[in-house]
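Take a look at the letters that make up each chain.
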Amino acid sequence: MTKTYMVTGGAGFIGSNFVLYMLGKHEDIQIVNVDKLTYAGNLENLKSIEGDSRHVFRQVDICDRRSVGDLFREFDFDCVVNFAAESHVDRSIENPAVFADTNVLGTVALLNAARDAWDDGSGGFGDHVYLQVSTDEVYGSLSLDEPDTFFHETTPLNPHSPYSASKAAADMFVLAYADTYGLPVNITRCSNNYGPYQFPEKLIPLMVKNALAHQSLPVYGDGKNVRDWLYVEDHCKAIDMVLEGAKRGQVYNIGGHNERDNNYIVRKIIEETCAAVGDDAITEALITYVEDRKGHDRRYGIAPDKIKEDLGWYPETTFEVGIVKTIRWYLDNQEWVDHVTSGDYQTYYQRMYGSRAQA
Ligand code: NAD
Ligand code: TYD
């Protein structure tokens with residue numbers, strides 16, 4: 001029987017990778033892609049599936065309760081996978097309100113519509129599932145001095161940025177809908193993703209883009225902040241496995257124990273980009289240490305034991321392979337980069353870095 005997925009934010013970075021992954025992996029599915037198309041959403045990402053009748057696109061804001069309700073009347077969804085979000089920490093520091101709207105109220109609008117549509121009248125919800133795509137950032141920050149300490153699913157939420165606060169609030173609503181109404185839910189909390197189609201405001205694509213243009217590579221603070229990097233396809237695989245096999249009501253951390261500090265990442269990008277294009281002007285001289293991000297979390301580190309033990313998930317792409325593939329993708333898709341950065345990107349970039357003092 002055809003399974004129908006509502007995938008929100010399916011024109012963004014991870015969402016579009018997920019749509020492509022799922023259509024490549026499963027023959028008999030339908031995906032209804034619900035995306036507002038903010039600056040971060042791009043239908044170009046889905047060009048390779050143009051004409052595939054298994055994919056239907058709807059430009060809808062998840063905060064628009066009436067339109068979300070209409071979608072549940074139009075389609076018989078088996079599951080919802082909620083990627084839609086404002087996702088950039090720097091933007092959340094500038095303008096927190098839109099993060100509360102989309103990430104919190106948008107999630108509540110989806111939960112409400114799913115509950116209303118799926119309730120079988122006697123408190124049951126059949127085989128439906130609502131999956132919330134969350135982040136390790138809800139746990140807060142770890143210390144560099146205790147490299148053997150990790151985030152577990154039981155680690156208390158302690159978000160610091162407006163972005164992570166909004167994601168943590170959304171997680172609490174998801175769990176509240178499970179506890180109060182019995183809605184079958186899962187939450188996945190993944191570490192930093194990298195790969196194709198990531199908007200070049202995030203560390204890795206921004207550094208590749210700037211390196212190619214011989215522009216400065218702005219590293220915040222001392223560059224010793226650590227992130228736990230995962231190739232995006234491994235995240236997509238984990239979500240598919242949770243949808244297929246997880247016990248409902250459970251939270252799963254996703255990460256591949258690949259912790260690197262920002263200095264390492266930027267140097268690696270310089271090395272690999274220089275080698276890929278044979279351009280000796282791409283050197284460490286481009287690195288500029290700039291004023292630190294406000295409230296900058298020092299270290300993220302995920303313990304993925306539960307998803308490994310319960311579902312047999314493991315990451316397939318090592319960082320060494322993934323970073324080379326990713327750089328190659330940005331080199332081969334410079335038109336995509338030009339396209340997605342043609343809107344308000346220049347204004348954004350000036351605002352972010354124009355005023356940032358050198359450290
Ligand atoms: P992204 O910013 O690239 O994409 C977000 C998508 O959501 C865009 O297509 C945008 O148009 C859409 N969107 C935004 N507001 C919307 C609204 N009100 N209604 C409908 N659509 C809307 O983000 P991403 O990096 O792909 O992240 C996707 C999800 O994964 C987010 O929930 C994020 O919190 C989570 N996550 C991201 C990472 C990461 O490293 N990028 C890691 C863990 C979790
Ligand atoms: P980012 O890609 O914004 O992801 P997140 O903040 O959600 O982890 O940033 C990754 C790390 O890189 C983070 O420690 C901030 C740092 N960073 C820079 O040093 N310079 C930059 O220009 C950007 C965008 C990020």
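Everything that follows concerns the structure shown earlier in this document.
The shown structure was predicted, so the numbers you read here are calculated from the model rather than taken from an experiment.

What counts, and where the lines are drawn
Residues numbered from 1 in each chain as written. Chains lettered and ligands numbered in written order. Predicted model: local features only at pLDDT ≥ 70, side-chain atom pairs only at ≥ 80, totals over all residues. Heavy atoms only, no water. Pairing = 2+ DSSP bridges. Helix = DSSP H or I, 4+ residues; strand = E, 2+ residues; numbered from the N terminus. Axes fitted to C-alpha atoms, helices over the stretch in contact; angles between N-to-C directions. Near = heavy atom within 4 Å. Polar contact = N/O pair within 3.5 Å; in protein donor to acceptor, adjacent residues only side chain to side chain. Areas by Shrake-Rupley, 256 points an atom, 1.4 Å probe, with all protein chains shown as cover. Nonpolar A, V, L, I, M, F, W, Y, C, P; charged D, E, K, R; others polar.

A. Region of interest: the sheet that holds strand E11 (residues 259-261). Within the open sheet, the 3 strands sit side by side as E7-E9-E11. Their pairing is mixed. Either end of the sheet is taken by a strand with one partner, and the two such strands are strand E7 (192-194) and E11. Averaged over neighbouring strand pairs, the angle between their axes works out to 50 degrees when direction is ignored. Of the pairings in the sheet, the one linking E7 to strand E9 (residues 226-231) comprises 3 bridges and is parallel in character. Bridge assignment links Asn-192 to a residue of E9, and that residue is Trp-229.

B. How the structure looks around the site of ligand 2. Lining the immediate environment of ligand 2, one finds 19 residues, of which Glu-137, Pro-218, Arg-227, Arg-293 and His-296 sit closest. Residue Leu-203 places a main-chain N or O atom 2.9 Å away from an oxygen atom belonging to ligand 2. His-296 is positioned such that a nitrogen or oxygen atom in its side chain is 2.7 Å from an oxygen atom of ligand 2. Relative to its unbound accessible surface of 510 Å², ligand 2 loses 98% to contact with the protein. Within the residue set of the shell around ligand 2, elements represented by two or more residues are helix H6 (203-212) and strand E8 (217-220). Residues belonging to the shell around ligand 2 are distributed by class as follows: 9 nonpolar, 5 polar and 5 charged.

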